[in-house]
Amino acid sequence: MTREEKEIRLADLVLAKAMWPYIRPYAWMLAVSTLLVFAGIFFELSIPLLIQKGLDGFILQSGQNSKDALFLGLHMEDFRSFGLFFCLMILAAFVIDFGQTLFLEYSGQKIILNLRWELFSHMTGLPVAYYDKNASGRLVARVAGDIENMNEMFTSVLVFIFKDLVLMAAIFVMLARLNAGLAFYLFGLVPVILVSVTGFSRHVRSAFRTIRQKIGEINHSFSEGISGIRAIQTTGSAATFIKRFRDLNATHYDAAMRQIKTFAVFMPFIGLLGIVSTAIILWAGGLKVTAHEMTIGELVAFLTYMKLFFRPLRELSEKFNLLQNALASAERITTVLEQKKDRQRLTRKRVRMDAIHHLAFDHVHFSYDTETPVLKDICFSLEKGSSIGIVGQTGSGKTSIINLVTGFYRPDAGLIRINGQPQESINTMDIRRKTALVMQDPILFSGTVKDNICPPENPLDGLALKKVLEQANCGFLYDKFDGPDTVLREGGRPLSAGEKQLICIARAFACNPDLIIFDEATSYMDSGSEQAVHEAMNRLMKGRLSIIIAHRLSTIRHCDRILLLRVGRIREQGSHPELVRAKGEYYHLLEKETL
Ligand SMILES: Nc1ncnc2c1ncn2[C@@H]1O[C@H](COP(=O)(O)OP(=O)(O)OP(=O)(O)O)[C@@H](O)[C@H]1O
């Protein structure tokens, strides 16, 4: 056993334990389905035996006791009642097959339905830090591809591997019972079959793995190419992207061809084994029939069982690979679901909070990777009705301060106090409920403007909604579009950047926050749109705690306090007139901006 196989098998128990809560409600269906599989095998194996009885007992009249205890202790007097019995057996096999497929598909689909829902709802609650570390393309592949692999495992792999193994074992028993001498010839082929199946599985598994991996990368490349289409077209980097994609595509093609070639050799090889063994059995069986050691019916039944034996053999090795693949998917899904504890940590054993009226940073130090300090010794405080502006060069740590306020990350040292209490003692969900974040890139979801402003489960009445839109300067919605019923497509299309930002401000009004944070909210706008957004911002800030991050000093000059950050440290702090009087860094920046 290779190290990798060992690891997968060790992990299987853990996986089974993790997946059991999803399987448990439908376990009885899977059990019924398994019982039906057994019943199905019984019927499947009965057919060749019936053919033998029909041939020997009625058609050729060569069997001695064929009419006695014809089948399952039933006596058939004539060929018509035998034919009727045959038809009933086939009908019963059909009904069992139908029932088995229905139970299996139903339970498989239900398990997947719950698992997909759980995974998605769970992912919406995962810490932002998790998303910062994991590429979105990979995570999307998890919800889509990995869940689909698991669906395949429940509906077409697990039960069928089991069925095929039982079927093959049962066929061996039937063959030995029909004619032990002939079965002995067939057992001679077993080592050849085992060696070829193992070799084939190894080859296909490595190709499978490469294919899956490359498909993930291809998806990622596609999504990156589509979301960054403007940058690609304007920077002239299309050729680089196309070349990277072509290489990826070619690797995928090579792996797919490797897999196809292996199948192309293996499948006919198994077919060849089937033909060779049929020829051997026909020759040896023919000799036995002519020597009256065997009836023709028995020979035909023997050959029919052999045919049944080679069919699952072809599928089994392919299914083992699918199983490996599905187990890898289950492992990835379990890893995501295990992140649960992190979310619970934010709310469990913490005091509830109704309102924010004071926020303070007390000698806060922070780094993303515990090695590179991003914020150093940050101190400031903010009361209800007042505002703080944060300025500083790119990468100076402005957004990192917001990441700490909202609880997306934790400080390495120092304290953040809310209403005088340490932030980590307060339910983070309460803090977020009372906070509105208006970001540089306005995030709007597909749906109506109304749904974007207030979720349908917590709607505002018509009058309140109109007021919120008025306060946020969203009159354009009534002039150019269908008011709050305007339907937005992905990314908030067809609104302009400024219009989208005003909708985000309306959303902030609707949730009536105590703390409002603007992170470069006007940086993409022309002066006309900026004016409209500023008016809405000023209205929203009244009577609340506000933090405004901006590159342009004009945006924050009216704030009660301004922090100037450089390389993670507060270099200057004070009101606009105080900082101008101090003639320090802020003053020089102001001079540059007014030039
Ligand atoms: N998720 C992250 N993981 C690791 N490092 C990060 C992460 N986010 C930001 N950083 C690093 O932290 C530093 C501060 O980043 P931050 O986003 O707070 O700067 P900023 O002042 O808001 O910059 P900008 O004005 O460009 O938005 C930067 O050096 C950045 O590379």
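Rules and cut-offs
- Residues numbered from 1 in each chain as written.
- Predicted model: local features only at pLDDT ≥ 70, side-chain atom pairs only at ≥ 80, totals over all residues.
- Heavy atoms only, no water.
- Pairing = 2+ DSSP bridges.
- Helix = DSSP H or I, 4+ residues; strand = E, 2+ residues; numbered from the N terminus.
- Axes fitted to C-alpha atoms, helices over the stretch in contact; angles between N-to-C directions.
- Contact = heavy atoms within 4.5 Å.
- Parallel < 35°, antiparallel > 145°, perpendicular 65-115°, else oblique.
- Left-handed = near helix turned anticlockwise from the far one by under 90°.
- Nonpolar A, V, L, I, M, F, W, Y, C, P; charged D, E, K, R; others polar.
- Buried < 20%, exposed > 50% of the residue type's maximum accessible area, 1.4 Å probe, protein only.
- Near = heavy atom within 4 Å.
- Polar contact = N/O pair within 3.5 Å; in protein donor to acceptor, adjacent residues only side chain to side chain.
- Areas by Shrake-Rupley, 256 points an atom, 1.4 Å probe, with all protein chains shown as cover.

Chemist: Hey, could you run me through the sheet that holds strand S6 (residues 435-438) in this one?
Modeler: Each strand in a sheet pairs with another by means of backbone hydrogen bonds, the pair being arranged parallel or else antiparallel. The mixed open sheet is built from 6 strands, whose spatial order is S6-S9-S10-S3-S11-S12. Edge positions in the sheet fall to S6 and strand S12 (569-574), since each of these pairs with one other strand and no more. Here the average twist between neighbouring strands, direction ignored, is 15 degrees. Looking at chain direction, strand S11 (residues 561-566) and S12 are connected through 5 bridges and run antiparallel. The residue bridging Ile562 from the neighbouring strand is Gly574, located in S12. Along the sheet, helix H12 (residues 398-405) makes contact with strand S3 (387-392), S6, strand S9 (515-519), strand S10 (545-549) and S11, crossing S10 at roughly 150 degrees. Against the sheet, helix H17 (residues 497-510) touches S6 and S9, its axis set at about 180 degrees to S6.

Chemist: I would appreciate a short explanation of the packing of helix H6 (residues 180-187) against helix H9 (residues 238-290) in the present structure.
Modeler: Angle between the axes and distance between the axes are the two parameters that describe a pair of packed helices. Viewed as axis vectors pointing N to C, H6 and H9 meet at an angle of 160 degrees, and their least axial separation amounts to 10 Å. As judged from the angle between their axes, H6 and H9 are roughly antiparallel. Helix-helix and strand crossings are classified by hand; for H6 and H9 the assignment is right-handed. Contacts from Leu182, Tyr185 and Leu186 in H6 reach Ser277, Ile280, Ile281, Ala284, Gly285 and Lys288 in H9. A per-class count over the contact of H6 with H9 returns 6 nonpolar, 2 polar and 1 charged.

Chemist: Even after reading the chapter, I still don't get the environment of Phe380, so can you show me in this structure?
Modeler: Looking at the element boundaries, Phe380 is found in strand S2 (residues 373-383). Judged by its relative accessible area of 5%, Phe380 is buried. In contact with Phe380, other than residues within four places in its own chain, are Leu359, Ala360, Phe361, Ile388, Ile401, Leu563 and Gln573.

Chemist: Could you clarify how one ought to interpret the site of the ligand in this entry?
Modeler: Residues in contact with the ligand amount to 14 residues; listed here are only the nearest, Gly395, Gly397, Lys398, Thr399 and Ser400. Separating an oxygen atom of the ligand from a backbone N or O atom of Ser396 is a distance of 3.2 Å. Take Ser400: an N or O atom from its side chain is 2.5 Å from an oxygen atom of the ligand. Its free accessible area being 640 Å², the ligand has 60% of it covered by the protein chains. At 3 residues, the largest contribution of residues to the shell around the ligand is made by H12.

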